[in-house]
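# Commentary on secondary and tertiary structure
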Amino acid sequence: MERQDGPRGARSHDRRAPEAVAEVFRQGWADTDRRLSPVSGAAYAAKRRAVLSTRFPGERIVVPSGGLKARSNDFDYAFRPHSAYIHLTAEQGTSAVPDSVLLFEPTGNGHEITVFIRPRSPRDAGLFGAEFYSDRQHGEFWVGRRRTLRETAEALGVEAAPREGLERALVGDVPTRVVRGEDALVDATVPPSAPADAELLAFLSESRLVKDAWEIEQLRAAVGHTVAGFHDVAGELPHATRLARGERWVEGTFNRRARLEGYGLGFETIAAAGAHACVLHWMHNDGPVREGELLLLDAGVEADSFYTGDVTRTLPVGGRFTDVQRRVYDLVLAAQSAGIAALRPGAPYSAFHDAATRVIAQGLDAWGLRPGGAAIAHESDLYRRYTVCGTGHMLGLDCHDCAAARSETYLGGVLEEGHVLTVEPGLYFQPDDLTIPEELRGIGVRIEDDFVITTDGALCLSSDLPRDADAVEAWMNALR
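Since the model is a prediction, treat every value here as computed from it, not as a measurement.

### Points about the overall build of the protein
- Counting secondary structure elements, the protein contains 15 helices and 17 strands.
- A compact globule built from 480 residues should have a C-alpha radius of gyration of about 23 Å, and the protein, at 25 Å, falls within 12% of that.
- Overall, the C-alpha framework of the protein stretches about 75 × 50 × 35 Å when taken along its three principal axes.
- Counting all 480 residues of the protein, 52% fall into the buried class.
- Contacts in the protein between residues far apart in sequence, at least 24 positions, make up 70% of those at least 6 positions apart.
- Only carbon and sulfur atoms are counted for the fraction: they give 53% of the accessible area of the protein, which is about 20,900 Å².
- Treating the 52 positive side-chain charges of the protein as one cloud and the 70 negative ones as another, the clouds have centres 3 Å apart.

What follows is the structure, encoded as C-alpha cells:
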C-alpha cells in the first residue's frame, strides 16, 4: 500500500503542486469520455423524486449522500451513501461519489433538481488540475475514475453541477428542509429547523415502506446471493472445525461471496458458534467452531444497488442436532412458522410477532421455564429473559429499514402489499443462567427468513435454504 505522507488534511485538493510537477501531468491524455445509459433504477427514482416534490411544494429540500469516514489516520472506510440519497437517485455501488448533495429547488410548479457532485478529475491547469495526481482522497490516479458531470446527468437522470457551487445554491430566504448530520457544509450553511427536518426524514423513511417492482427485484437478487453464501459456509464447516478461530473462516467464507456478487455486506456477519450464539450481535467472530455444537450464522449480501438480504440459520456443526438442540430448534421453528402464517395484507404489523411469541411462551411453559400461565405480558414476563428482542423488521436499503418512520405507519401500522420484512424468532439460553436446566445452558437458536407481502399472503425470498431440522441435516450432510 502506497504511503500517504503528511497529515490527513493535506489530502484535499487545495494543496497545489509545484509548477514543474504540474507540467508533467498537464498534456498527453486521450479523450476517454463516455456515453452512459441510465442506471437500472433511474425511472423508479424519478417517480420517487416527483412524490417528494409534491409533498413539500415551495420548499427547498437538501439530501446529502454523506462523505468518507476515517478508519485510521489516512485510510477511509468504503463509502456507502445515505439511504435516502440512494432511494432518490438509484445510484449504484462503486459509482457513488462521496459528498454529493441532491438539491430540490422550488419553482412555480414543482422543483428543479440538481445533484452537486465532484466531477471527474480534470487534466488541465484549472483550479483543481492537480487533483488527478496529488489528491490521495479524491484524485483519479489514487482512487479511480469518477463520471463527468454529463455522464452523471445521463446515468441518474438529473442535472449535475460541481460540488463547488453548492454553498452558493443554498443561500436565499427559502424555507429549507435538510437531512442533517451527513454534510458539514450543508449543516453549517442552512439554519436548523428541528421539526421540519424531522418531518422530512420521517417522510423519506416512510416512502421506503412499500417497495416497488424494481426494489423487489433488487431484494430478490440480494437474498439469492445471501442464500449462496450460506451454501458456501455449510460446505466449509469441516475445515472451520480444524482452526483455532473457525468463526473467522466462516465469516470470511460468507464475506467472499458478498464481495463477489454484490457491493459487500449489508451488516457485519454474525458467525456465532457454541455459547456465542447467545449473544444477539456477536461480531467478534474469534472463537472455535466445534463438532457437536451449533453455529448461528446471521448474514446478508448487499447488492450493487445497496439493497440487502438478512438471513439466519442455526446449524449443527457436525451435521446432526443432539436431542436437546433439536428440542430448542423445533420450538423456534414452530414460533417462526406461526409468525409466517400471520403475514398478510391488512394484518397489524405486530401480528407476526405476537403469534411467534405466543408459541415461544407456550413452549417455555411446557418446559416449566415460565411459571404463571400462558398469558403474554410483554414488558415483564419471564420469557423475555430467553428471547430479549423483537421477531422481525422491515428490510430494504437498510437491514433495519425505514427506522425513522413514525410508529403509526410502521410498528403500529398494518402490513401492505409490497412490504418486505424478516421473521426471526429466537431462544438464547445464557451459559451462566441458573434458572434453566444445565443441558440448555449455552444454546442459542435463531431462524430468519425474508418475505415480501403479496395480495393474499407472503412470499419467502429465502426459501432455497432448508428450515426444518431434518432438511437442515440432510442438506448439510450432502455437502460434506
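Moving on from the model shown.
### Examining the packing of helix α12 (residues 323–341) against helix α15 (residues 469–479)
- For the pair α12 and α15, interaxial distance at closest approach is 10 Å and the crossing angle is 120°. Compared by their axis directions, α12 and α15 come out oblique. Of α15, the residues touching α12 (which contributes R326, Y329 and D330) are A469, D470, V472 and E473.
- Residue composition of the contact of α12 with α15, by class: three nonpolar, no polar and four charged.

### A word on the pairing of strand β16 (residues 449–453)
- When you tally the buried positions in β16, you get five out of five residues, the bulk of the element.
- Of the two faces of β16, the one lined by D449, F451 and I453 and the one lined by D450 and V452 are each fully buried.
- Across four bridges, strand β13 (residues 420–423) lies against β16 in antiparallel orientation. Bridged to T422 within β16 is D450.
- Across three bridges, β16 lies against strand β17 (residues 458–460) in antiparallel orientation. Bridge pairing in β17 places F451 opposite C460.
- Between β16 and β17, which pair antiparallel one after the other, the connecting turn spans four residues.

What counts and how
Residues numbered from 1 in each chain as written. Predicted model: local features only at pLDDT ≥ 70, side-chain atom pairs only at ≥ 80, totals over all residues. Heavy atoms only, no water. Helix = DSSP H or I, 4+ residues; strand = E, 2+ residues; numbered from the N terminus. Rg over C-alpha atoms; globule rule 2.2 N^0.38 Å. Buried < 20%, exposed > 50% of the residue type's maximum accessible area, 1.4 Å probe, protein only. Contact = heavy atoms within 4.5 Å. Areas by Shrake-Rupley, 256 points an atom, 1.4 Å probe, with all protein chains shown as cover. Lys, Arg positive; Asp, Glu negative; His and termini not counted. Charge placed at Lys NZ, Arg CZ, Asp CG, Glu CD. Axes fitted to C-alpha atoms, helices over the stretch in contact; angles between N-to-C directions. Parallel < 35°, antiparallel > 145°, perpendicular 65-115°, else oblique. Nonpolar A, V, L, I, M, F, W, Y, C, P; charged D, E, K, R; others polar. Pairing = 2+ DSSP bridges.

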